[in-house]
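Given next are the chains, with one letter for each unit.
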Amino acid sequence: MASDPEPSPQGAAPHASEMAAEKPFFFLHIRKTAGVSLRGLLANRFPADRILFQAHSVSGPRQPNDALFATGHVGFDYARQFKAAPTIFTVLREPMARSMSAYDFFQSHSETFLRHLATELTEEEYQGRSRFQQRARELGPARFLAEEEKLARHWLANVQTRQLAGAAFADCPDDDPQLLDAALQNLAEVDLAGILERERDTLHLLGRIMGWGALGPLPHLNSTHGRRSELDAGCRHILQSWNELDLRLYVEACRLFDQKLRALPDEADTTAIATSLIGGRFTPDQPVHGHGWHEREYFADRWLCWNSAPLATLNLRVRTARPSRFKCLLSHVFSTHTLDRLGIALNGHRLDLRKRAVSDGILIEGDIAATAWTADAHRAALTFDCPVLGSPRDLDPASLDARQLGFALAWLELV
């Protein structure tokens, strides 16, 4: 994707949303805080070729270099590795809930998943996770926490505090008060520490802080399958004693979160960032600024993006004022009924669409009335009305894809 925008035509000064600095974004991903669900939603907001997933993985690049979005199970000090100071975002979870979720998740892995972990973790970490699963299954909660205390504490005790404290404190005991002091200091430097139990507020606050507008809906990925462990009062007491630092950190994170929520300006004073079209064309490798999209994917040598909600929006800015024609290609649709019911509006004006099959999907065209354009003749707010969605599991019960899908956008043009 071209990194330098075309010069604006005479009389069309660049909009503020086009002039946002290329400030990197660091998502500090703490295990079992919905990070896998969040990272795709966030990555959509950045160019596809400027993203680094799994910054902790031993199999791939670990330095951010020129990435505009980077995430992984790394410490707070990773932020210093960016060429420019990044926006820092993380999510904290009520410590007992996080610890119990991790206990269940770490003993639920298939052989396929474990083989994947072997390519991602260091040998020591991989052996620890593998032994965790084996011994937790063999012993049950009470015996496991007692007989494998060192192993259990490594993965379950004050994990959020240790990660926010950073690598400089990696050798400290997991209950060392220095960890909390460092974590609290770093927490104060985080642009936003979201709260998992307040998912809606977290997405709203992040969207407002970043100028993205509405974020979501949040898919629920990487959840623990199977029956949840029944932890008796003794096990809960042990986990609580192991997470006293996390409990104190969580209280402070909630206080800071409420403070930032109260400080938000009126929504009327904000304008959502839009993707600037180069040559009047949008493809999903560009930032997807809008609501209601799954994480984009690369399939059959091109990028595409499925809608995830009956109403999906896309905020764009065109270089030439008031284009008169709309055109888009859908690489896939869930069903003919989905296509029949699909409607598209620009700036609130419903387009009269012509739909036809072509060799690589469904081509949709429509004329844009001059009345569809507002006083800002370069703003194109698109709404895709797709009331019919379905899951691949509806078509094949053996499918592992449980997402709700309607159509996959391959490109669109406003000319």
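Above this text is the structure in question.
All of the points below concern the structure found in this document. This structure is a prediction, so every number in the text was calculated from the model and none was measured.

The rules behind each value
Residues numbered from 1 in each chain as written. Predicted model: local features only at pLDDT ≥ 70, side-chain atom pairs only at ≥ 80, totals over all residues. Heavy atoms only, no water. Helix = DSSP H or I, 4+ residues; strand = E, 2+ residues; numbered from the N terminus. Rg over C-alpha atoms; globule rule 2.2 N^0.38 Å. Buried < 20%, exposed > 50% of the residue type's maximum accessible area, 1.4 Å probe, protein only. Core = buried A, V, L, I, M, F, W, Y, C linked by side-chain atoms within 4.5 Å. Contact = heavy atoms within 4.5 Å. Pairing = 2+ DSSP bridges. Salt bridge = Lys/Arg side-chain N within 4 Å of Asp/Glu carboxyl O. Expected span 1.5 Å × (residues − 1). 1 Å grid on protein atoms, 1.4 Å probe; cavity = no way out; pocket = protein on both sides within 12 Å on 5 of 7 lines; lining within 4 Å. Points joined across faces, edges and corners; volume = space filled by probe spheres on them. Nonpolar A, V, L, I, M, F, W, Y, C, P; charged D, E, K, R; others polar. Polar contact = N/O pair within 3.5 Å; in protein donor to acceptor, adjacent residues only side chain to side chain. Phe/Tyr/Trp six-rings, centres within 6.5 Å; stacked < 30°, edge-to-face > 60°.

Some details on the overall build of the chain
The helix and strand inventory of the chain stands at 12 helices and 17 strands. For the chain, the C-alpha radius of gyration of 23 Å lies close to 22 Å, the compact-globule estimate for 415 residues. Seen through its C-alpha atoms, the chain measures out along the principal axes to roughly 70 × 45 × 35 Å. By the burial criterion, 52% of the 415 residues in the chain qualify as buried.

Points about the nonpolar core
Membership of the largest hydrophobic core comes to 53 residues, with the highest contact counts inside it found for Phe-25, Phe-89, Leu-164, Leu-206 and Trp-212. For this core, the element with the most residues is helix 10 (residues 244–262), which contributes seven residues. Those residues in contact with Phe-25 that lie beyond four places of it in its chain are Leu-42, Phe-46, Leu-68, Phe-69, Ala-70, Pro-86, Thr-87, Phe-89, Leu-206, Met-210 and Trp-212. Counting residues in each nonpolar core, the second largest holds 32 residues, with Leu-339, Leu-382, Phe-407 and Leu-409 among its members.

Some points on the sheet that holds strand 13 (residues 349–350)
Strand order across the open sheet formed by five strands is 6-10-16-12-13, with mixed pairing between neighbours. A single partner strand is all that each edge strand has here, and the edge strands are strand 6 (275–276) and strand 13. Here two bridges tie strand 6 to strand 10 (residues 311–317), and the two strands are oriented parallel to one another. Across the sheet, the residue bridging to Ser-276 is Arg-317, located in strand 10.

Examining the sheet that holds strand 3 (residues 69–72)
Taken in spatial order, the five strands make up an open sheet running 2-3-1-4-5, and their pairing is parallel. A strand with exactly one partner marks an edge of an open sheet, and here the two such strands are strand 2 (51–52) and strand 5 (192–195). Here strand 1 (residues 25–28) pairs with strand 4 (residues 87–92) via four bridges, running parallel. Bridging across to strand 4, Leu-28 finds its partner in Thr-90.

Points about unusual backbone geometry
With an omega of -10°, the peptide bond between Gly-216 and Pro-217 qualifies as cis. Among the structural elements, Pro-217 can be located in the loop between helix 8 (199–210) and helix 9 (233–242). The backbone of Asn-65 shows a phi angle near 50°, a positive value even though the residue is not glycine. As for its position among the elements, Asn-65 is in the loop between strand 2 and strand 3. Given the relative accessible area of 46%, Asn-65 is considered partly exposed. Backbone geometry at Ala-300 places phi at a positive 50°, although glycine is not the residue there. Mapped onto the secondary structure, Ala-300 falls in the loop between strand 8 (297–299) and strand 9 (302–306). Exposure remark for Ala-300: the relative accessible area of 58% places this residue in the exposed category.

Regarding the pattern of salt bridges
For the structure shown, the criterion picks out 21 salt bridges. For Glu-148, the salt bridge identified is with Arg-131, shortest N-O distance 2.5 Å. Pair noted here: Glu-148 is in the loop between helix 4 (123–147) and helix 5 (149–156) and Arg-131 is in helix 4, with a separation of 17 residues, a long-range link. When its relative accessible area of 39% is taken as the criterion, Arg-131 is described as partly exposed.

Here's the deal with helix 8
Across its 12 residues, helix 8 extends 16 Å between first and last C-alpha, which sits within 8% of the 16 Å expected from 1.5 Å per residue. Every buried residue of helix 8 is accounted for by Thr-202, Leu-203, Leu-205, Leu-206, Gly-207, Arg-208 and Met-210. Next to the buried residues of helix 8 lie strand 1, helix 1 (35–43), strand 4, strand 5 and helix 10. Just downstream of helix 8, Gly-211 is the residue with a positive phi angle, here 75°.

Description of the layout of surface pockets
The volume enclosed by the second largest pocket comes to roughly 1,200 Å³. Lining of the second largest pocket is provided by 36 residues; of these, Arg-31, Glu-125, His-154, Arg-162 and Ala-170 occupy positions nearest its centre. Mapped by element, the contributors of at least two residues to the lining of the second largest pocket are helix 4, helix 5 and helix 6 (159–165). Its residues placed into classes, the lining of the second largest pocket shows 14 nonpolar, 11 polar and 11 charged.

Brief notes about the pairing of strand 5
Of the two faces of strand 5, the one lined by Leu-192 and Gly-194 and the one lined by Ala-193 and Ile-195 are each fully buried. Here strand 4 pairs with strand 5 via four bridges, running parallel. Within the sheet, the bridge partner assigned to Leu-92 lies in strand 5 and is Ile-195.

Overview of helix 2 (residues 95–105)
For helix 2, the tally of buried residues reaches 10 of 11 residues, placing the bulk of the element in the interior. Buried within helix 2 are the following residues: Pro-95, Met-96, Arg-98, Ser-99, Met-100, Ser-101, Ala-102, Tyr-103, Asp-104 and Phe-105. Turning to helix 2, the residues buried within the fold contact helix 3 (111–120), helix 4, helix 5, helix 6, helix 9 and helix 10.

Description of the side chain of Thr-33
Assignment of secondary structure puts Thr-33 in the loop between strand 1 and helix 1. A distance of 2.5 Å separates a polar atom in the side chain of Thr-33 from the backbone oxygen of Ile-30. Residues in contact with Thr-33, not counting those within four places in the same chain, are Val-91, Arg-93, Arg-98, Gln-160 and Leu-196.

Observations concerning the packing of aromatic side chains
In this description, a pair of aromatic rings is defined by centroid distance and the angle of the planes. Under the definition given, this model contains 22 aromatic pairs. Ring centres of Phe-26 and Tyr-78 lie 5.4 Å apart, and the angle between their planes is 45°; this geometry places the pair in the tilted category. Residue Phe-26 is found in strand 1, and its partner Tyr-78 is found in the loop between strand 3 and strand 4; the two are separated by 52 residues along the sequence. We classify Phe-26 as buried; its relative accessible area is 0%. On the basis of relative accessible area, Tyr-78 is assigned to the buried category, the value being 4%. Taken together through their ring pairs, the aromatic side chains of Phe-25, Phe-27, Phe-46, Phe-53, Phe-69, Phe-89 and Trp-212 make up a single cluster.

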